[in-house]
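For reference, the chains in residue letters:
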Amino acid sequence: MHRTRLTATVAAMALTASLAGALTGAASAASPTPSPVPPQQGKSLALAAADRAASSGLDGLRHGSDEDLVRTSVTPWANGLFYAAYQRTYRGLPVVGGDAVVLSDSRGTVRNVAAAPAPAIKVGTAAKVSAATALATARGQLHRVESATRPALTVLLKDGNALLAWHTRVGGRTAENAPSVLDTYVDARSGKIARADQKVSDAEGRGYHNGTVTIDTAASSMTDPNRSGFQCGGQTGGAYTGSSPWGNGTANNLVTACVDIMYAAQKEHSMLKEWFGYNGQNGQGSMVPARAGLGEVNAYYDGTKTTYGHNQNSTMQLTGIDVVAHEYGHEVFDRTPGGSGSSNENGGMNESTGDIFGALTEAYANNPNDTPDYTVGEKLDFLGDGKPIRYMYNPSVAGDPNCYTQLNSNTEVHAAAGPQNHWFYLLAEGSNPGGGKPGSPICSGGPSSVTGIGIQKAGKVFMGALLSKTSSWNHLAARRATLASAKNTYGSAECNAVKAAWNAVGVPAQSGETDCGGTTQADFSLALSPTSGSVQAGASVTSTLSTQTTGGAAQKVALSASGAPSGVTVSFSPDAVTSGGSSTMTVAAAAGTANGSYQITVKGTGSVEHSVTYNLTVGSTQPPTGCDNTQYTYQGTLSSGQAQAQPNGSYYYSSRSGTHVGCLRGPAGTDFDLYLQKWNGSTWVDVAVSGNESADEDINYYGSAGYYRYLVHAYSGSGSYTLGLTAP
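Attention in this report is confined to the structure presented alongside it. Note that the structure is a prediction, hence the values are computed from the model and not measured.

## Examining the overall build of the protein chain
Secondary structure assignment for the protein chain yields 10 helices and 35 strands. Here the C-alpha radius of gyration of the protein chain, 29 Å, is about what a compact globule of 728 residues would show, namely 27 Å. Overall, the protein chain is about 85 × 65 × 45 Å in size when its C-alpha atoms are taken along their principal axes. Within the protein chain, the proportion of its 728 residues that are buried is 53%. For the protein chain, the proportion of contacts with a sequence separation of at least 24, taken over those separated by at least 6, is 67%. Each charge class in the protein chain can be summarised by its mean position, and for the 46 positive and 52 negative side chains these summaries are 5 Å apart.

## What about the side chain of glutamine 281?
Note on placement: glutamine 281 falls in the loop between α4 (254-276) and β13 (290-291). Looking at glutamine 281, its side chain comes within polar contact range of the main-chain oxygen of alanine 265, at 3.2 Å.

## What to know about the sheet that holds strand β19 (residues 532-535)
Spatial strand order, β19-β26-β25-β21-β23: five strands in an open sheet with mixed pairing. The open sheet has two edge strands with one neighbour each: β19 and β23 (576-578). Each adjacent strand pair in this sheet contributes to an overall mean axis angle of 30°, direction not counted. With four bridges joining them, β19 and strand β26 (residues 609-618) adopt parallel strand pairing. Across the sheet, residue serine 534 finds its bridge partner in β26, namely threonine 617.

## Quick notes on the packing of helix α5 (residues 321-335) against helix α6 (residues 344-365)
Two numbers describe how α5 lies on α6: the axes approach to 7 Å, and their chain directions differ by 130°. In terms of orientation, α5 lies oblique with respect to α6. Like other packed secondary-structure pairs, α5 and α6 cross with a definite hand, here right-handed. Contacts between α5 and α6 pair Ile321, Asp322, Ala325, His326, Gly329, His330, Val332 and Phe333 from the former with Asn346, Met349, Asn350, Glu351, Thr353, Gly354, Asp355, Phe357, Gly358, Thr361, Glu362 and Ala365 from the latter. Of the residues in the contact of α5 with α6, the class split is seven nonpolar, nine polar and four charged.

## Remarks on the environment of valine 397
You can see valine 397 is positioned in the loop between β17 (390-391) and α7 (418-429). Among the residues examined, valine 397 registers a relative accessible area of 47% and is labelled partly exposed.

## What to know about the sheet that holds strand β30 (residues 658-665)
With antiparallel pairing, the four strands of this open sheet are ordered in space as β27-β35-β30-β33. Looking at the sheet topology across the chains shown, the edges are occupied by β27 (632-638) and β33 (696-703). With strand direction ignored, the average angle separating the axes of adjacent strands in the sheet is 15°. Note: β30 against strand β35 (residues 719-726), five bridges, orientation antiparallel. Bridging across to β35, valine 661 finds its partner in threonine 726.

## Some details on the packing of aromatic side chains
Inspection of every chain in the model, using the stated rule, returns 19 aromatic pairs. For the pair tryptophan 275 and tyrosine 364, a centre-to-centre distance of 5.6 Å together with 85° between the ring planes defines the contact as edge-to-face. With tryptophan 275 in helix α4 and tyrosine 364 in helix α6, this residue pair connects regions lying 89 residues apart in the sequence. Side by side, tryptophan 275 and tyrosine 364 carry an identical accessibility label, which is buried. Residues tryptophan 423 and phenylalanine 462 carry aromatic rings whose centres are separated by 6.2 Å and whose planes lie at 50° to one another, so their mutual orientation is tilted.

## A few points about the pattern of salt bridges
Tallied over the entire structure, the rule returns 21 salt bridges. Two residues, arginine 390 and aspartate 355, come together in a salt bridge whose shortest N-O distance is 2.7 Å. With arginine 390 in strand β17 and aspartate 355 in helix α6, the pair connects residues that are 35 residues apart, well separated along the chain. The buried category is assigned to aspartate 355, whose relative accessible area is 3%. A salt bridge links arginine 665 to aspartate 698; the shortest N-O distance between them is 3.4 Å. Taken together, the residues arginine 665 in strand β30 and aspartate 698 in strand β33 connect sequence positions 33 residues apart.

## Observations concerning helix α9 (residues 475-489)
With 15 residues, α9 should cover 21 Å at 1.5 Å per step; its first-to-last C-alpha distance of 20 Å lies within 8% of that length. Burial analysis of α9 places 12 of its 15 residues in the buried class, which makes it a mostly covered element. Taken together, the buried positions of α9 are occupied by His475, Ala477, Ala478, Arg479, Ala481, Thr482, Leu483, Ala484, Ser485, Ala486, Asn488 and Thr489. One side-chain oxygen of the residue at the start of α9 lies 3.2 Å from the amide nitrogen of leucine 476, identifying that residue as asparagine 474.

Rules used in this analysis
Residues numbered from 1 in each chain as written. Predicted model: local features only at pLDDT ≥ 70, side-chain atom pairs only at ≥ 80, totals over all residues. Heavy atoms only, no water. Helix = DSSP H or I, 4+ residues; strand = E, 2+ residues; numbered from the N terminus. Rg over C-alpha atoms; globule rule 2.2 N^0.38 Å. Buried < 20%, exposed > 50% of the residue type's maximum accessible area, 1.4 Å probe, protein only. Contact = heavy atoms within 4.5 Å. Lys, Arg positive; Asp, Glu negative; His and termini not counted. Charge placed at Lys NZ, Arg CZ, Asp CG, Glu CD. Polar contact = N/O pair within 3.5 Å; in protein donor to acceptor, adjacent residues only side chain to side chain. Pairing = 2+ DSSP bridges. Axes fitted to C-alpha atoms, helices over the stretch in contact; angles between N-to-C directions. Parallel < 35°, antiparallel > 145°, perpendicular 65-115°, else oblique. Left-handed = near helix turned anticlockwise from the far one by under 90°. Nonpolar A, V, L, I, M, F, W, Y, C, P; charged D, E, K, R; others polar. Phe/Tyr/Trp six-rings, centres within 6.5 Å; stacked < 30°, edge-to-face > 60°. Salt bridge = Lys/Arg side-chain N within 4 Å of Asp/Glu carboxyl O. Expected span 1.5 Å × (residues − 1).

Given below as structure tokens:
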């Protein structure tokens, strides 16, 4: 039963009103003229192109008829580029996985598509396990629970399959008294834990005073007046109060520790804006608060705050520039598309991201008390030997893997930071940088040497790649994303440097990765309008297939289709176009074609191949029969996702108690739901629901006198329906 999926629709309906039709609009093609466009027009063109790609299911953006790609964020970038992030939904439920990012420009051209793999989703949306049971299971993952969110139904993609799950976030302590925040997914059918993702990102660090520095605070508290949400205080969560000058400069004074924290975090925030044009750690100008004085040898980020303890010998707080910037680097990773992910490899890349932002912030701050370097915790004396805990230029010095081929599923996450840390150093400085900077080894099979492009350029390439991150982020995806970022942000030379650095750490070339050649590779994109249609057996429907040149010279693109069901033919007029042109696609259903919903893959083949998806519904639009034994009969037509109130968009009054009978017959191959609602004096309340995964629903409800109405909801699929009702 689909008990929770109509809430927003019901809330939008007045006492006597029916739901208005869904708004649709076709975006016009981008102008082919080379003249510059105004900034806002450029953004509109870029987002229209990205949305068309998502709607059309371009390449990895393919999605089923019950799925949508919903744009969740837009980040402007260099050279008139925009990153648009999309979350996949299934029958209105959020999907964990299958997310995507489209990079497009201000002329309306799609530059790059990054998408997490997603299987065809076919899963029931009725939970057998209650939310309360799921919450109890989730809470049971921790020894002591301090917080827990309300469970929400989601669709979890796991091991190539989709399953219905209850998602909740629980925070507290493990049996070993370690801090823990778990994103838990409880299988809504079996009640077992399907996945639990640790949100606490640990990082060892160093604690030292940065000297007399300038920080942004309020007059009487350590609250940043310029960066929303950022403050520093003790373990209770409130900001320290007092006045400037803050702290006394001693190693274990906690106000002094907050000076170090605020200095480093604010420098990182400024670095992101000035070097990369990115609006702070969360991309919206703000960042999470910080807490000093943890009584442990640890520092961590948990999605809501950063927390800092002391070193092994308790001689100083872990509040050095690289440690603080590392923790807030986790926020950057967490708040960019795709979130923090779940795999061990992803976790290692998250740790590496923290190290990279530590190095970047040290370089930006250029503080004489902590000169820029590519080591982590070099002033901490964490193990009592006076050595750093990680070496980005040569991770093997600390026993961590230098090369991608040395990773395995059991590699500890901090050690797993090695290959990407190594890659970043090679990209920024090269294998033999000179000037007192250490040399960096090259893995077997790599180039003889690598020339760096400088830390600021390397950082911007990396930041651009994070904006293409998806939930399936790994080293192979990072290679593709950084190549696209380098080519689109800078050009051929920087792109080739990125490629050489990945080759040097053993991350192999990937199919479809960006061509770094000095000349632009010929390429094109596809888009359908509309992306779906309904047809009767014996009739046809059309759609316009548009092409666009996205790289190099225009080229001939041959058009074809696959996946059409028996009895359905797809033709194109013309069947080949020069990129930039369009063709009319005709989908014809022969007499006797079986009713149902189908996905047709439309391909364009030139120097490369791209595909989009057309969702076809074959079936009668005549209202079905089958409710002949009821007192009253009403008919209507709905598109997928719409709802209508009956009778006739209004309600009826029952003057006495008795049985209410509702009979819904929807179009074949669809999923329609039926709700009986009663007016409680201020709002409509569900009193009976029939939400089977089919077109036909029946309600038999005994109720007291009052105002009633039926709500018909087209959960998936479109067409005409018949509603029969009998009132007491």
